[in-house]
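# Structural description and commentary
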Amino acid sequence: MVERFEVALNTPAGRLTTAIDVPTGFIPITAIVPVTRRLGEEAAQLEVQHAIEAGLTISCQMGCAACCRMLVPLSVPEAFALREYVGQLPTDRRTHLLNRLSDTKDSLKREDLWDRLNDVAEASRQVPDEDLDPINRSYYALRIPCPYLENEMCSIYEARPAACRELLVTSPAELCQDLVQNPVTPLPVSMRISSILGLVWGTLTSSPPRLIPLPIALEWAERHEEESRRTWPGSSLLDQVLDNMWRFLSQAFTKK
Ligand code: SF4
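The paragraphs below set out a description of the structure included in this document. (Residues numbered from 1 in each chain as written. Predicted model: local features only at pLDDT ≥ 70, side-chain atom pairs only at ≥ 80, totals over all residues. Heavy atoms only, no water.)

### Comments concerning empty space enclosed by the protein
A complete count under the given rule lists 4 cavities of 30 Å³ or more for this structure. Considered as a void within the structure, the largest cavity measures approximately 90 Å³ in volume. If you go around the largest cavity, the residues you meet are G40, A43, A44, E47, E166, L168, L187, P188, V189, S190 and M191. When residues in the lining of the largest cavity are grouped by element, the largest group, 4 residues, is from helix α1 (residues 33-53). (1 Å grid on protein atoms, 1.4 Å probe; cavity = no way out; pocket = protein on both sides within 12 Å on 5 of 7 lines; lining within 4 Å. Points joined across faces, edges and corners; volume = space filled by probe spheres on them. Helix = DSSP H or I, 4+ residues; strand = E, 2+ residues; numbered from the N terminus.)

Here it is in structure tokens:
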């Protein structure tokens, strides 16, 4: 049984209205991830339209994966959702991905980054930006392709993290080859979905908002598997998601 909710959100790029079906019973946090990402993508689409109407061009295209060398942060619900997604893949596909993740782990260990990423994911408090910046820079300096990147295409496209969906630029694509040296112009993001899901999880579990770096997300989710089995009423999860979205949007209007 599902219950339908009509959702209306005022974003800086226009009004988003959509219908959302949420199970009436108790659901795990992963069940709310797809719909939360969909709302984020619909808000992003309004930003794209807004940019095009202003005469700008979105440079991001299929086959351009320059940004897939950055460290991608996931919220806890997304890490659990990614584990579920990989777990239901056909065996040969799953084995292939796990081998790629293992290669990435070896590279990161050689560079002394693996433990630092785990420290971020297991921190008992929110890791401040000044601690994250050097880790992000060290990781990007290696230009390690994302373990889920194959032939410059995302191999988990429908399950990719929210952070991957949110980075769109209007500056020339060649500038993205070096995101440290070059100034790129990203489209505004009115609601950061990974932050919203992280805040929802933090409220539900009385824990600090936690960032899980993508290369370690499956192992982290495996270690914390028991937490992923908890359930809450679907409508209450949606309420919390929308509550955090409204907060983000009101901040986005304040910044304008
Ligand atoms: S998950 Fe997909 S889109 Fe995100 S960094 Fe990896 S390959 Fe790129």
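### Some thoughts on the side chain of H224
Secondary-structure assignment places H224 in the loop between α8 (217-223) and α9 (225-228). A residue is classified by how much of its surface remains accessible, and H224, at 14% relative accessible area, is buried. (Buried < 20%, exposed > 50% of the residue type's maximum accessible area, 1.4 Å probe, protein only.)

### Quick notes on a negative patch on the surface
The grouping of E111, D112, D115 and D119 at the surface amounts to a negative patch. On the secondary structure map, E111 appears in the loop between α3 (91-110) and α4 (114-122). Accessibility expressed as a relative area gives 43% for E111, which makes it partly exposed. (Patch = residues over 30% accessible without salt bridge, like charges linked within 9 Å, V, L, I, M, F, W, Y side chains within 5 Å. Areas by Shrake-Rupley, 256 points an atom, 1.4 Å probe, with all protein chains shown as cover. Salt bridge = Lys/Arg side-chain N within 4 Å of Asp/Glu carboxyl O. Lys, Arg positive; Asp, Glu negative; His and termini not counted. Charge placed at Lys NZ, Arg CZ, Asp CG, Glu CD.)

### Some thoughts on the nonpolar core
Residues I29, L82, Y148, M191, I212 and M245 are the most contacted members of the largest nonpolar core, which totals 68 residues. In this view, M191 contacts L9, L39, G40, A43, E166, I196, M245, F248 and L249; residues no more than four positions away in its chain are not counted. (Core = buried A, V, L, I, M, F, W, Y, C linked by side-chain atoms within 4.5 Å. Contact = heavy atoms within 4.5 Å.)

### Examining the packing of aromatic side chains
Summed over all chains, the structure comprises 3 aromatic pairs. With centroids separated by 5.8 Å and ring planes inclined at 80 degrees, the aromatic side chains of W201 and W232 adopt a geometry described as edge-to-face. Within this pair, whereas W201 is found in helix α7 (residues 193-205), its partner W232 is found in strand β8 (residues 231-233), the two being separated by 31 residues in sequence. Neither residue differs from the other here; W201 and W232 are each classed as buried. Here the aromatic residues F80, W201, W220 and W232 are joined through ring pairs into a cluster of three or more. Sitting over the ring of Y140, R143 keeps its end group 3.9 Å from the ring centre. The cationic tip of R160 hangs over the ring face of Y157; the distance from NZ or CZ to the ring centre is 3.8 Å. (Phe/Tyr/Trp six-rings, centres within 6.5 Å; stacked < 30°, edge-to-face > 60°. Lys NZ or Arg CZ within 6 Å of the ring centre and 35° of its normal.)

### Digging into the site of the ligand
Around the ligand, the neighbouring residues are C68, V72, C146, Y148, L149, C154, I156, P161, C164 and L214. Of the residues contributing to the shell around the ligand, the split by class is 10 nonpolar, no polar and no charged. (Near = heavy atom within 4 Å. Nonpolar A, V, L, I, M, F, W, Y, C, P; charged D, E, K, R; others polar.)

### Some words on α1
A rise of 1.5 Å per residue sets the reference length of α1, with its 21 residues, at 30 Å; its end C-alpha atoms lie 30 Å apart and thus fit the reference within 8%. Within α1, the full set of buried residues consists of V33, V35, T36, R37, L39, G40, A43, L46, E47, V48 and A51. (Expected span 1.5 Å × (residues − 1).)

### With respect to the pattern of salt bridges
Applying the stated criterion across every chain yields a total of 15 salt bridges. Between R38 and E42 there is a salt bridge, with its nearest N and O atoms 2.8 Å apart. A residue pair is termed a helical-turn pair when its members lie 3 or 4 positions apart in one helix, as R38 and E42 do in helix α1 at 4 residues. Under the relative-accessibility criterion, R38 is labelled partly exposed at 29%. A relative accessible area of 25% places E42 in the partly exposed class. In this structure, R143 and D178 form a salt bridge, with 3.5 Å as the shortest nitrogen-oxygen distance. Here R143 is found in the loop between α5 (129-142) and β5 (149-150), whereas its partner D178 is found in the loop between α6 (162-166) and α7, with 35 residues between them in sequence. The exposure class of D178 is partly exposed, given its relative accessible area of 22%. Within the structure, one salt-bridge network assembled from shared partners comprises E41, R160 and R165.

### Quick look at the pairing of strand β2 (residues 14-23)
In regular strands, side chains alternate between the two faces of the sheet. For strand β1 (residues 2-11) and β2, the ladder comprises 10 bridges, and the chain directions are antiparallel. Each bridged residue has a counterpart across the sheet, and for R4 the counterpart in β2 is D21. The turn linking β1 back onto β2 is made up of 2 residues. (Pairing = 2+ DSSP bridges.)

The quantities given are spatial measurements derived from coordinates; they are silent on function.
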